[in-house]
Each structure stands twice: as structure tokens, then as C-alpha cells.
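Chain and residue survey
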Amino acid sequence: MPIPSALITLLLGMALVLAGLWVGYNVPLLPVEASTNAPIYDALFEVLLSIGTILFLGIIGLLVFSLVRFRRREGDSGDGAAIEGNLPLEIVWTAIPAVVVLFVGIYSYDIYERMGGMTPLNDHSAMHAAQPAADHHHHGGDHGSNNPAVLASSSSPSEPDQEPGRVWGGIGVASSESETLSVDVTAMQFAFIFHYPGANIITGELHIPVNQPISLHMEARDVIHAFWVPQFRVKQDVIPGQPTLLSFTATRPGTYPIICAELCGPYHGGMRSSVVVHEPADFDTWLSKNTPPAPATVASSGSNPTA
Amino acid sequence: MTLASPSDFQAPQQSSPNQEGPRGLQPEGWLRYLSFSLDHKVIGLQYMVCGFLFYFLGGALAGVIRTELASPISDFVSRETYNEVLTLHGTVMIFLWIVPVVNGAFGNYLIPFYVGARDMAFPRLNAVAFWLIPPAGILLISSYFIKGGAAQSGWTAYPPLSLTTPALGQVIWIISVLLLGGSSIFGGINFIATILKLRRPGLKMMQLPMYCWAMLGTSILVVLSTPVLAGTLILLSFDIIAHTGFFNPALGGNVVVYQHLFWFYSHPAVYIMVLPAFGLVSEIIPIHARKPLFGYTTMVYSIIAIVVLGLVVWAHHMFTSGTPPWMRLFFTIATSFIAVPTGIKFFNWLATLWQGKIALNSAMLFACAFIVNFVFGGITGVALAQVPFDIHVHDTYFVVGHFHYIVYGGTVFIIFSAVYHWYPKFTGRMLDEHLGRLHFMLTFIGFNLCFAPQHWLGLNGMPRRVAEYDPSFTTLNQVSSVGALLMAVSTLPFLINVVVSAIRGEVAGDNPWNALTPEWLTSSPPPVENWIGEAPLVTHPYGYGAPTDRLDLQVVTAEQIWNDRTP
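Residues numbered from 1 in each chain as written. Chains lettered and ligands numbered in written order. Predicted model: local features only at pLDDT ≥ 70, side-chain atom pairs only at ≥ 80, totals over all residues.

Some words on the overall build of chain A
Quick reminder of the rule: Where helices and strands are cited, they refer to DSSP runs of H or I of at least four residues and of E of at least two residues respectively, numbered from the N terminus. Neighbour counting defines burial: a residue surrounded by 20 or more other C-beta atoms within 10 Å of its own C-beta is buried, one with 12 or fewer is exposed, and intermediate counts give partly exposed, using backbone-placed C-beta atoms. Residue pairs qualify as contacts under a 7 Å threshold applied to their C-beta atoms, which are placed from the backbone.
In terms of helices and strands, chain A carries six helices and 11 strands. Counting across all 307 residues of chain A, residues that qualify as buried make up 46%. Residue pairs at least 24 apart in sequence account for 79% of intrachain contacts in chain A once pairs closer than 6 positions are excluded.

Given below as C-alpha cells:
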């Protein structure tokens, strides 16, 4: 019965693809989306989960079917069919994974580019300094950028941590058309210290305005740490002796964990802080409340794990 | 022993072709397993038993980790001890369990049979390679009891952390890994020489059982990449002992260079752990499915492709550590493409099962579960190869889940499968099937319970190598710990089976599986120097289904096949 079995195979294949797509787009496995990266990342995740589910269920289905259908019957001591290979078939299952990984690779490259991963890091400060301060109309011009401290930090050509050629790796700013808030991050055993150069604030907890690009200039004081905010879907190692850069834009007000993801010593598991995403007006209030009149002091202490 | 000529094989069992090392001086009986034996089968079993002892130790360390993680606060061991335990767990499992067993144990036992030789090319080097392992292992474990304790910087030993943790433990860790790396290189050279130069006259490369190809590829990776690790660790030890500045940023060193050098070995190390398992499963499935191995030639080419690609993917471990964008792109593509030759192998195994007559015994249960686990781990692996995906889950429990699906769900399942498959050859007795199935069910359920939830934990914010975590992750961590407990329990039926069956098991006979590969064409256990008389010339190691009455399951004996196969 060649026609019915081909039909069954076709129907099973279609059911498999539908099941994979359903799983990929309906099974929630990720935390809330709180940055512009997150929806892009989650789109990639849904594609990968769909493809992965289709492949996994297909292969396991074939395996289980074979184990049942071709099990050795009681008393049968003979051999199976002497099939040693089938070149067209082998070409097919070389081509299918090749096409799948090529598609996945090209798609994830596109995602990576949209996340700002291909932005040349070392051109960042030059490019950024050339932006006129009034160029923030794309985002309504109402998000924290009317604060003189932030303007100073983001558009001054003489920023201390943005010497061209020094930044070693990370993710650059995806969009050059809006004001970027720069924060210096120092990681040490076992805390993150955030320094707002324009406002002269030093804090253990990161405060940022919503919908404004943030650029973290990070360096470690002792060992390698990593800055990770799961809700932003971004992570970057913080390395002693080699500054790194991490740019993102938060999209959802709230408080999210900052987690050190690189083994950094006994209290690695306790090396956590928080990032507080404010509405622009609230952020301005926070800035002006914490900007010291005189030299910088610790404004608000983050969770200190060693305490 | 040099390149064998047919006359070499005429030597009777008692007189050794190895003129300078009379085997009569070696101890008899079980004592030979504690001796500097030159017999590849004794050395293979030495690797095996030694590896299993370290597996139980590494498993106990995993038990400490899962007990600590059963609650969200650090309350079981001190934080320093926890980091020592996770460092020792990784190091023991990789360097003292998987690499020695899947390469050393099965490689030494099987490769001389497969090439039709009486021993490995360099028997003394072989014994030296094994006897480096127990002292290295004891040294590593003993560092736990010294002042300052064992190394605390993970099995990756990234500087500057490894330069700031207690120095003595870290230096002992380096010496131990150097000894184990040396053992691995000696073994690799021996396998390459044996496979290329000791083949029985008339046996062509493309007639070898697939495990030979897997071991050839693995050994090439070992010989090319292990010296890089050794050099890197020696520089690291200089930084610790002599305060040089190779990797110390305070002295102008570069910490990312260490990561490149480390992963130049340690990514191929994954293939050093996995390729031999691919080889073993290629031996096991055809025999129990009664089918020829599907697509022999593409299987060989896919091994070669994995070896070549395996050397150029290391920086995918460093996507978040400050690699330039072009490098991230290159290593994404190279890593993704490893899925192609790997996929070929899995489709070929499925095609081997198709239209077979499959005996679903313990060996096959573990082999088929290997396919399930490895396909899952392979799919998460392709996802991890994508830079944007990896940036979120790098250094999280997602990665922990992924690599345990590869090395435990993949390689360790195949080690168990291979023990059920070759135990009759090692001992002359069968393992008990009921205990085997119980062992399988407990292992399979426990393994998936332990490692599947870890993917979700990683996606949602649990980093790896932590002793404490967000309390909202408690339930899934407890599920994972219960899985680990089941895995621990699952070793009991296995241990009972292995010990009791050695004494009281059903007598296996020479060839209980009616197999065609050469190790089954001699007695069980095989005599010293493997064959009485000339080695058989097996040109079709997977010739199942050939229309001859000789292949009837009930009547075939080693002698019959041997007579048929000898020209």
C-alpha cells in the first residue's frame, strides 16, 4: 500500500510541524521582557524552540517506531535486511541539517545585528560625541535627557572612560539617534559599583530611565565578573585590565536583578544587585535627589552580599 | 612489536613475540590487575575499574552540590568548600572518569582486536599511561586535606581568580591535570600508531570497525590540543609560583588569552569524550539490530569533519568575554556546522535500526536512550552556538543542563551500554538482564529529572557555580536534586550486577551476541595475545543479513566464524 503510507507520512509530518510551531510560540519559558533586546531575543528563541521541537519529536518518534515495529520476535534468530547504505538518502540528511543551521545562523546574525552586536565599539565615542544634543526628538525628547547632568555625561566629548580604541568587547549602541546615558561600572569581589560621571553619583544599585539607551562602561578591579540582567537578555563579562561595553535600552519600569554570572570566589552566588527602571520624571527626581553638592558620596547602598 | 607480518601470528600462545619482555614474569590471576602489566586487555580493565572508582567519587561530589542546592541559601557546606567541591567534581569527572574510560579502557581493550594485533604498538608506554592516572587522582583528592584546601576556581581555572585562591591547592590541581594530560597524550600516540601501523596484513582502513576511526580521530585531537593545555597550565603555574605576569592583569598580563588557550584544548576535549562514544554505539547497534552499519563511508567522513571543525570552534565559550564581533560571527558559523556531520551519524544509526530485528536488551536500552539524550543536547547546543542566544544563557544552569545531556546523557549512557555489551567478553559471564533494566530505568528517569529542569532555571536567571539562589527557583532545584538521588540509587543494581555476575552469572560462551567484529571471534575472556593461532581477517565487520546459514543465532560459534573468515 504505497499511497496510504505516503499519505500517513505526509500527515504525520504536517502534524509534527504544527506541534513544533505550537510549542515554540505557546510554551512560555522566558522571564518578562524589559528591554528592546528582549522581544528580538524571544523571537529568535521561538524559532529555535519550534525547529528544535520538530527535530526532537521527529527523531524520537522515528526511534520509538523502529524499536516497536522492528523488535525481534520470539524465536526469530535471523538477521535484518542487509542494507549497507543509500547515497540519495544520506545526501538528503546531510542537506537538511545544513540548510537548517544555515538558516538559523543567518537569522541569528540578523538578530545579533539588531541587538547592536556588530556596532564597531571603538567608534562609539567619536560617533556619539558628534551627535547634536537636540537630536532626541525620535524619542519624544522627554526621557531624562532634559536633565543637565545627563546631558553633560552623554554629549561631552571629553568623557573619561571613552577613549577610542580602549574598549575591548561587548555590545555597542544600536541606535545613534538618541541620547545615551553612560554609566561607569566597577565590579569587585563581591559587588557592582555604578558611577554616573555627569551627575557625580556613586551607587551600588543601578538606576536608569525607561526608553533611553544606556551604555555601561565596565571594568573589574580584581577577578573576572559578569553583568547579567535576565529580563534584558544581555550579559557581558567585566574583566580586569580590559574595559568592556554593554549597551541596552530598558522598556519596562520595575526592579530587576543584576547577577554576576562568572565564578568570582566564595560569595559569587551572593554577588547580586538590582537595576531600577524609572519613568523619565522619576529618574530625574532620583538624579537630583542623589547628586551630591560636594564630592561624590555613596548615595544609596545596594544589597551587599557579604554583609 | 613492529609491523606484523603473517609469520608473527604463527607463534603459539606461550612464547611471546615480544622478545625482551617475557610475559611469564607477570603475576597470574587477579593480581595482574594491580601489576605493571603489558597486556592491553589487563590495562583496559585497569582503566575501567580505576575510572569507575573515580566516577563514584565524582558522583559523591555531585551529591554534595545537589544537597547544597536543595535549599536556596548556602547552608550545607561552607562557600569555600562548595567551590572546592564543584572544581573537584568537574576535574574528576572529565579527566579521571570519562576521558580515561571511553578512550583508555575501551580503546585499549578493543583496538588491538579490531586491527588484528596481539597488543598495542607500545605496550610499555601503554602501561605508563595508565599508571600515571592513580597517582594523579590521589594527588588531586589529597589537595582537599591540605592547608588552604583544594583548587576553588572551577575546572576552567580562569585567572585572575585562580591566581588569588589558595595557591597550593591550585598548583596541585595543575600538576595533577598535567599528569593526566600526559597520560592522555601517551595513549593517543599509541592508538594512532596501533591503528595505522599494526593492522593485520590484508586489512584495509575502510574495513576497520567504526570505533577504530573514532579513536583515530579522537587521538589526533588529543595529540594536537592537549599540549596547548599543558603549556597554558605551566604558564599559569609560573604566575602562581614565580609571580610572572602572563595572565595577571596587574602585571600587564592578559586574562582573555588564557581563555583562548584553555578552550583550544577544552572544546576539542568535548569531542575527545564524545567521539569514542559515537564509535562504541556504532559497534553496539548493528549487533543488536542484526543489520549492517548504515552508511559506513559517510560515518568515516563525518568523524573526519567533526575532528577538523572541532579544532576551530573554541571561542564559542567566550561569546561574552570580550571577543570582537567578527570572531563571534566566525565561531557561531563553525559551531553550527558541527551539527551537520553529527546529524549524519544520528540519521545513520536510525537507518541501521530500520528493518532490523532489534533485541531491546540493557545494552540497547542505554544506546537508544543515548540517542534521545544526545539529540536533545545537540539541539540546545546548536541554539547555544548562536551568539545572541548564548549571550543570555552563557554561564547559567542552561549550559550546565546542556553539557550534562552531552557528556552524561551521551557518553556515560554509552559507557553503561558498552559495559552490558562487552562484559561477557571481559569475564566470560553474562550480566543479569532484570537488574540491567532496573539500572536503566532508574538512570534514565533520574538523569532527565536532574538535568531537564536546569534549562529552565538558566533561562530564568540562575547562574552556574553558585551555592545560593533566588528562592523562587527552589522547587525545580529540589526536583533536580531528587533526580540526582535517583541517579545515585541507580548505581546500586549496577554494582550488585557487576560483582555477582562475575561469580554466578550465566556462562556467556565466546560469542553470545553472534557478532562479527573480531573480539568475539576468540574465547571469553580472550587468551593472552588474543588469538590461538593466526588473527582472523575480518573484512566485513558489519556483514549481517548475508544469506548464509552460518548466521543462525543458536548454532554459530567463534570457531565457525573464525574458520569462515580465515582465507
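After that view of the structure, there is still more to cover.
A few points about the confidence of the model for chain A
Rules: Residue-level confidence of the predictor is what pLDDT reports, using numbers from 0 through 100.
A residue-level look at chain A finds 76% of positions with pLDDT of 70 or above and a mean pLDDT of 79. Below a pLDDT of 50 lies the segment residues 123-165 of chain A, which in the model reaches 72 contacts outside its immediate sequence neighbourhood of four places, other chains included.

Describing helix α7 (residues 210-241) of chain B
Residue and element names in this part refer to chain B. Which entries qualify depends on this criterion: A helix is expected to span 1.5 Å for every residue after the first. Values of bend correspond, residue by residue, to the angle between axes fitted over the seven residues ending at that residue and the seven starting there.
With 32 residues, α7 should reach 46 Å at 1.5 Å per residue; the first-to-last C-alpha distance of 45 Å fits that figure. A bend of about 30° at Ser 225 is the largest found in α7, and the proline Pro 227 appears one to four places after it. At the C-terminal side of α7, His 243 shows a positive phi close to 55°.

So, the pairing of strand β7 (residues 225-229) of chain A
Residue and element names in this part refer to chain A. Put simply, the test is: Should DSSP find at least two bridges between two strands, the strands are regarded as paired.
Burial analysis of β7 places five of its five residues in the buried class, the great majority of the element. On β7, burial covers both faces: His 225, Phe 227 and Val 229 on one face and Ala 226 and Trp 228 on the other are all buried. Note that β7 and strand β8 (residues 234-238) share five bridges and pair antiparallel. Bridge pairing in β8 places His 225 opposite Val 238. Here two bridges tie β7 to strand β10 (residues 254-260), and the two strands are oriented antiparallel to one another. Residue Phe 227 lies in a different strand from β10, and its bridge partner there is Cys 260.

A few points about the domain arrangement of chain A
Residues and elements named next belong to chain A. Spelled out, the test is: What fixes the domain bounds is an automatic or database domain assignment. Note that Gly is not counted as nonpolar here; it falls among the polar residues with everything else outside the nonpolar set of Ala, Val, Leu, Ile, Met, Phe, Trp, Tyr, Cys and Pro and the charged set of Asp, Glu, Lys and Arg.
As assigned here, chain A comprises domain 1 (2-68 + 88-114) and domain 2 (124-132 + 139-290). Taken residue by residue, the interface counts nine residues in domain 1 and 14 residues in domain 2. Residues belonging to the side of domain 1 that touches domain 2 are distributed by class as follows: five nonpolar, three polar and one charged.

Description of the sheet that holds β7 of chain A
Neighbouring strands of a sheet are bound in pairs by backbone hydrogen bonds; such pairs are parallel or else antiparallel. All names here are of chain A. Worth spelling out the cut-off: The axes are straight lines fitted to the C-alpha atoms, using for helices just the contacting stretch, and the angles between their N-to-C directions are given from 0 to 180°.
The strand order β5-β11-β10-β7-β8 describes an open sheet built from five strands, whose pairing is mixed. In this open sheet, the two edge strands, each paired with only one partner strand, are β5 (206-209) and β8. With strand direction ignored, the average angle separating the axes of adjacent strands in the sheet is 25°. Across six bridges, the pairing between β10 and strand β11 (residues 272-278) is antiparallel. When the bridges of β11 are listed, Tyr 256 appears paired with Val 275. Strand contacts of helix α6 (residues 280-290): β5 and β11, with the helix running at about 135° to β5, the strand carrying the most contacts.

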